[in-house]
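# Results of the structural survey
So you can see what is in the structure, the chains are spelled out below.
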Amino acid sequence: MSASGEVWAVLLAAGSGTRLAQAVGGVKKQFLEWKGFPLFWHSALTFSKTPAVKGIVFVFPPDQLEEMRSVVAGLDGADSLGMPFRVTAGGRRRQDSVFNGLNELPTGCTHVLVHDSARPFASAAMVTGIIDMLQSGMEAVIPAVEVTDTIKEVEGSVVSRTLVRSRLKAVQTPQGFSLPVLYAAHRQAEQEGWDVTDDASMVEMAGRDVHICAGEEGNVKITNPEDLKRIENTGRTIPCVGWGYDVHRYGEGRPMVLGGVPIPGGPQVIAHSDGDVLLHALSDAILGLFGGGDIGHHFPDTSAACENMSSGIILKEVMIKAEEAGVEIVHVDLTVIAQIPKLSPHRELIRKNIASVMGLEKEQVNVKATTEEKLGFTGEKKGIKAVAAVTGLKTFS
Ligand code: CTP
Ligand code: MG
């Protein structure tokens, strides 16, 4: 392969998925949604992670070509593949779709990887291995795995022959070829009426050497209803942590409330809302769990509607936002930092109140208090601060 040669992928997504159609309400399997994307897009992402692949030709059913052109543009717009791509219409048989794809390749392309979009699990490492073998001069390289079943040829319901298993391999895609070799084989197939199920077959029939490389057991083709369990949308859950911080100044203002609990005899606080420094820190931490911004954004103190707003309401609203974002809150750790008032008499009540408002067990909420050893503004009794750390579980569909 010359240094200037380009490797492109032809990604086949023009089949009708008849063996699966009934089980999935008629949707073509390459368009089934898995991990937030249509199935065919997963293979495109794999190619995008393979530096040696320079571009992709997507092959779609002719009657869905325009629709799919904008779907692909939208997916690439949201998170770019980082490579050029083209879109074309497939044909009646798989080999017709491949041929249409080959005709869309740019002039600089010297090698092609033909891949079934129904194989979403092929790894970038395997793709790179195939390209390496093409670069070493091989004209055709296909991934193959051992056959575990004994394979028999049958006529009707009677066995005519048993094949020697040790000499058999099951082959997969992507299959890599020198473009002129594959193109010539397709032309010959057309002229001589060959009807084949993979591209390597026609290259073999054209008398060329096809080399195998190690395929992957996991690189299965979604074909029958039993295969659907491999692409079930079970969702992925990851832990997330939000952090919040708030300060209020002491002065003539509002009676002190902490964690929704009135603190009789505590210094008054100056605040636009009810001045509950602990619930403000907690609410900000909850927003932090899912990239929700901060409470200043959602409840601006320039807004008349937020004047006197109970922090309990703010807390409930941010909890609804967290739920809408697919986040379950599993733990809350809170610290109040103040020289005065003494908080130990109120700590348990605050903990119980927050647990009850948030629908958590008491053990899922921790409330701590500390002074700053008479240092800084809390030490000088000019104000109070609170910090909050919240742990959540975010589920991605
Ligand atoms: N394919 C294609 N054009 C065709 C037939 C198949 O692009 N005319 C693609 C399919 O979209 C699939 C791959 O070739 O990604 C392998 O084919 P297969 O698993 O047989 O898919 P379908 O033909 O869609 O399924 P079925 O045979 O059950 O109808
Ligand atoms: Mg088919």
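Our subject is the structure that appears above.
Since this is a predicted model, take the numbers as computed values, not measurements. (Residues numbered from 1 in each chain as written. Chains lettered and ligands numbered in written order. Predicted model: local features only at pLDDT ≥ 70, side-chain atom pairs only at ≥ 80, totals over all residues. Heavy atoms only, no water.)

Another aspect to go through is the overall build of the protein chain. Per the secondary structure count, the protein chain includes 12 helices and 19 strands. Overall, the C-alpha framework of the protein chain stretches about 95 × 50 × 40 Å when taken along its three principal axes. Total accessible area on the protein chain is roughly 19,600 Å²; 51% of this is exposed by carbon and sulfur atoms. Charged side chains in the protein chain number 38 positive and 47 negative. The centres of these two groups are separated by 4 Å. (Helix = DSSP H or I, 4+ residues; strand = E, 2+ residues; numbered from the N terminus. Areas by Shrake-Rupley, 256 points an atom, 1.4 Å probe, with all protein chains shown as cover. Lys, Arg positive; Asp, Glu negative; His and termini not counted. Charge placed at Lys NZ, Arg CZ, Asp CG, Glu CD.)

Turning our eyes to something else, we now look at a nonpolar patch on the surface. On the surface, a cluster of nonpolar side chains totalling about 400 Å² of accessible area is made up of Trp-243, Tyr-245, Val-247 and Phe-377. When residues of the nonpolar patch are assigned to their parent elements, the largest contribution, 3 residues, is made by strand S13 (residues 236–254). With respect to the element layout, Trp-243 can be found in strand S13. (Patch = residues over 30% accessible without salt bridge, like charges linked within 9 Å, V, L, I, M, F, W, Y side chains within 5 Å. Salt bridge = Lys/Arg side-chain N within 4 Å of Asp/Glu carboxyl O.)

Moving on, we come to the environment of Tyr-183. In this fold, Tyr-183 is placed in helix H6 (residues 179–192). Between the C-alpha atoms of Tyr-183 and Val-112, which are 71 residues apart in sequence, the distance is 9.9 Å. Those residues in contact with Tyr-183, other than ones at most four positions away along the chain, are Phe-99, Leu-102 and Asn-103. (Contact = heavy atoms within 4.5 Å.)

This next bit is on the packing of helix H8 (residues 277–289) against helix H10 (residues 311–324). Angle between the axes and distance between the axes: these two values describe a pair of packed helices. Between H8 and H10, whose axes approach to 9 Å, the crossing angle comes to 10 degrees. In terms of axis orientation, H8 runs roughly parallel to H10. Judged by residue contacts, Leu-279, His-280, Leu-282, Ser-283, Ile-286 and Leu-287 of H8 engage Ser-311, Gly-312, Ile-314, Leu-315, Val-318, Met-319, Lys-321 and Ala-322 from H10. Among the residues forming the contact of H8 with H10, the class breakdown is 9 nonpolar, 4 polar and 1 charged. (Axes fitted to C-alpha atoms, helices over the stretch in contact; angles between N-to-C directions. Parallel < 35°, antiparallel > 145°, perpendicular 65-115°, else oblique. Nonpolar A, V, L, I, M, F, W, Y, C, P; charged D, E, K, R; others polar.)

Another point: the site of ligand 1. The local shell around ligand 1 holds 19 residues, among which Gly-17, Thr-18, Lys-29, Ser-97 and Lys-221 are the closest. Contacts to ligand 1 include Leu-12, whose backbone N or O atom sits 3.1 Å from an oxygen atom. Contact between ligand 1 and Arg-93: a nitrogen atom at 3.3 Å from a main-chain N or O atom of the residue. Cavity membership is defined here by more than half of the atoms lying within 2 Å of grid points; on that basis ligand 1 lies in the largest pocket. For the shell around ligand 1, the elements supplying multiple residues, two or more each, are helix H1 (18–21) and helix H4 (94–103). The residue inventory of the shell around ligand 1, partitioned by class, reads 4 nonpolar, 8 polar and 7 charged. (Near = heavy atom within 4 Å. Polar contact = N/O pair within 3.5 Å; in protein donor to acceptor, adjacent residues only side chain to side chain. 1 Å grid on protein atoms, 1.4 Å probe; cavity = no way out; pocket = protein on both sides within 12 Å on 5 of 7 lines; lining within 4 Å. Sits in = over half its atoms within 2 Å of the grid points.)

Right, let's talk about unusual backbone geometry for a bit. With an omega dihedral of 5 degrees, the bond running from Thr-173 to Pro-174 counts as a cis peptide bond. Note that Pro-174 resides in the loop between strand S10 (169–171) and strand S11 (175–178). Cis geometry marks the peptide bond from Ile-340 to Pro-341, where omega comes out at -5 degrees. By secondary structure assignment, the location of Pro-341 is in the loop between strand S17 (327–337) and helix H11 (344–358). Positive phi is not limited to glycine here, since Glu-373 has a value of about 55 degrees.

Okay, the layout of surface pockets next. Space inside the largest pocket adds up to approximately 770 Å³. Forming the boundary of the largest pocket are 30 residues, of which Arg-19, Arg-94, Asp-116, Thr-197 and Lys-221 lie nearest the centre. Those elements that provide at least two residues to the lining of the largest pocket are H1, H4 and helix H7 (199–205). Examining the composition of the lining of the largest pocket, we find that 3 residues originate from one element, H7, more than from any other. Partitioning the lining of the largest pocket into residue classes produces 7 nonpolar, 13 polar and 10 charged. Approximately 370 Å³ is the volume found for the second largest pocket. Along the walls of the second largest pocket sit 15 residues, with Val-145, Ala-170, Gln-172, Glu-217 and Val-220 positioned nearest its centre. Class assignment of the residues belonging to the lining of the second largest pocket gives a composition of 6 nonpolar, 3 polar and 6 charged. (Points joined across faces, edges and corners; volume = space filled by probe spheres on them.)

A few words on the pattern of salt bridges. As enumerated under the stated definition, the model contains 15 salt bridges in all. Its salt-bridge partner being Lys-169, residue Glu-146 comes within 2.6 Å of it at the nearest N-O pair. Of this pair, Glu-146 sits in strand S7 (residues 140–146) while Lys-169 sits in strand S10, and the two are 23 residues apart along the sequence. The class of Glu-146 is partly exposed, set by a relative accessible area of 48%. A relative accessible area of 38% places Lys-169 in the partly exposed class. (Buried < 20%, exposed > 50% of the residue type's maximum accessible area, 1.4 Å probe, protein only.)

Here we come to H8. Here H8 is 13 residues long and its end C-alpha atoms lie 19 Å apart, about the 18 Å a rise of 1.5 Å per residue gives. Of all 13 residues in H8, 12 are buried; the element is thus mostly enclosed. Gly-291, located one to two residues past H8, shows a positive phi value of around 65 degrees. (Expected span 1.5 Å × (residues − 1).)

Bringing the nonpolar core into the picture now. Grouped together as the largest cluster of nonpolar side chains are 43 residues, with contacts concentrated most on Leu-258, Leu-282, Ile-286 and Met-358. Broken down by secondary-structure element, the contributors of at least two residues to this core are S13, H8, H10, S17, H11, strand S18 (365–370) and strand S19 (383–396). Ranked by residues supplied to this core, first place goes to H8 with 9 residues. Discounting residues that sit within four places of it in the chain, Ile-286 has contacts with Leu-315, Val-318, Met-319, Ala-322, Ile-329, Met-358 and Val-390. Core analysis: the next-biggest nonpolar cluster, separate from the first, contains 31 residues, Ile-56, Phe-58, Leu-75 and Ala-89 among them. (Core = buried A, V, L, I, M, F, W, Y, C linked by side-chain atoms within 4.5 Å.)

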